[in-house]
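# Descriptive analysis of the structure
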Amino acid sequence: MNIYFVSDLHIKSEEKEKARKFVHFLQNLPSHTTHLVLLGDIFDMWIGPHDYFIKKFPVIISVVQNLIARGVQVHYFEGNHDLHIKKFWQDKIGATVHDKEFYFNFGGFIVRAEHGDFINKKDRSYQFLRSFLRSMPMKIMIQNAPGRLVHAIGDRSSQMSRLYSERIDLSYKNEIIELTREYAKKTYRERPFDLIVTGHTHVDDDFVFEEDHKKIRSLNLGSWFDKPKAFHLQKKDEDFSSSLEYL
């Protein structure tokens, strides 16, 4: 098994350097890659199945399609910048789209993966925004509204969300790290795993704790605003190895 995780790229257009690095990364995934896990906020904004977004990111779409065609399992977790994406990314492209946490069983090694926007429940304004954008009336409106209108609405929510993430990065890094670690412990007690991988907060953290007489790892991938990177998890024989690969 050869698995790659990425999160929080916030790609605005395919002309940007981050987009070029992402395409290069995807095109050069090893031939034995089995899974690609996109943990949300891959794009700075993608809402619904609109042609506006499809026409904006044709190269990335094509590269992901090629990976799926060669047998790579692509899992796309909705973030707060990419949501209501199932009709396109799953129904048309063939990725598996998740709107909440998911537990992977990699040969007995259990990985809980999620975007990570439930880590900071204290931020009530963000949690309200999240619930509002995912509500059924908003989902219906988004799927039927013109793409450019959806983009305008999305831009506004993106700005609000970015104010949140910038505030976290500058002022509350230690608090977010503590919240991330407590969240890992809490979710482990609800349903055990060997590794939890999250994003969203833009704060990198790699933490090992002990539960049930074994070591459990919590990894938050941060974002590509600092350094573009991917988490690589690989199984050789009976053992798993892992590394952060900077791109």
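In case you missed it, the structure is sitting above this.
This text gives an overview of the structure that appears in the document. Everything quoted here is computed from the prediction, not taken from an experiment. (Residues numbered from 1 in each chain as written. Predicted model: local features only at pLDDT ≥ 70, side-chain atom pairs only at ≥ 80, totals over all residues. Heavy atoms only, no water.)

Despite not being glycine, Asp8 has its phi angle at roughly 55°, a positive value. One can find Asp8 in the loop between strand S1 (2-6) and helix H1 (17-27). Assessed through its relative accessible area of 0%, Asp8 is described here as buried. A positive phi angle is found at Asp212, which is not glycine, with a value near 55°. Along the chain, Asp212 falls in the loop between strand S10 (204-211) and strand S11 (214-221). Residue Asp212 is classed as exposed on the basis of its relative accessible area of 53%. (Helix = DSSP H or I, 4+ residues; strand = E, 2+ residues; numbered from the N terminus. Buried < 20%, exposed > 50% of the residue type's maximum accessible area, 1.4 Å probe, protein only.)

On to the pairing of strand S2 (residues 35-38). Burial of the side chains of S2 extends over both faces: His35 and Val37 are buried on one face and Leu36 and Leu38 on the other. One crossover worth recording links S1 to the parallel S2 by way of H1, and it is right-handed. In terms of strand pairing, S2 meets strand S4 (residues 73-77) through 4 bridges, oriented parallel. By the bridge assignment, Val37 is partnered in S4 with His75. (Right-handed = clockwise from strand over helix to strand, strands pointing away. Pairing = 2+ DSSP bridges.)

What follows deals with the side chain of His202. Summarising the element assignment, His202 is placed in the loop between strand S9 (195-198) and S10. Residue class for His202 comes out buried when judged on its relative accessible area of 5%. At 3.3 Å, the side chain of His202 forms a polar contact with the side chain of Asp8. A polar contact is formed between the side chain of His202 and the side chain of His10, at a distance of 3.1 Å. (Polar contact = N/O pair within 3.5 Å; in protein donor to acceptor, adjacent residues only side chain to side chain.)

The next subject is the sheet that holds S9. The strand order across the open sheet built from 5 strands is S7-S8-S9-S11-S10, with neighbouring strands paired in mixed fashion. A single partner strand is all that each edge strand has here, and the edge strands are strand S7 (102-106) and S10. Along the sheet, successive strands turn relative to each other by an average axial angle of 20°, direction set aside. As paired strands, strand S8 (residues 109-113) and S9 are joined by 3 bridges and run parallel to one another. The residue bridging Val111 from the neighbouring strand is Leu195, located in S9. Of the strands in this sheet, S7, S8, S9, S10 and S11 are in contact with helix H8 (residues 173-190), which crosses S10 at around 40°. (Axes fitted to C-alpha atoms, helices over the stretch in contact; angles between N-to-C directions. Contact = heavy atoms within 4.5 Å.)

On to the environment of Ala19. Here Ala19 shows up in helix H1. On the basis of relative accessible area, Ala19 is assigned to the buried category, the value being 2%. In contact with Ala19, other than residues within four places in its own chain, are Ile11, Ser13 and Glu14.

So, on to the sheet that holds strand S13 (residues 239-246). Strand order in the open sheet formed by 6 strands is S6-S4-S2-S1-S12-S13, and the pairing between neighbours is mixed. The strands lining the two open edges of the sheet, one partner per strand, are strand S6 (96-98) and S13. Adjacent strand axes in the sheet meet at a mean angle of 15°, parallel and antiparallel pairs treated alike. One ladder, built from 8 bridges, connects strand S12 (residues 229-236) with S13; its direction is antiparallel. Residue pairing across strands places Phe231 opposite Leu244, the latter belonging to S13.

It is worth spelling out the side chain of Asp82 at this point. One can find Asp82 in strand S5 (residues 82-83). Side-chain polar atoms of Asp82 contact the backbone nitrogen of Ile42, separated by 3.0 Å. For Asp82, the side chain forms a polar contact with the main-chain nitrogen of Gly79, separated by 2.8 Å. Not counting chain neighbours up to four residues away, the residues in contact with Asp82 comprise Gly40, Asp41, Ile42, Phe43, Trp46, Tyr76 and Phe77.

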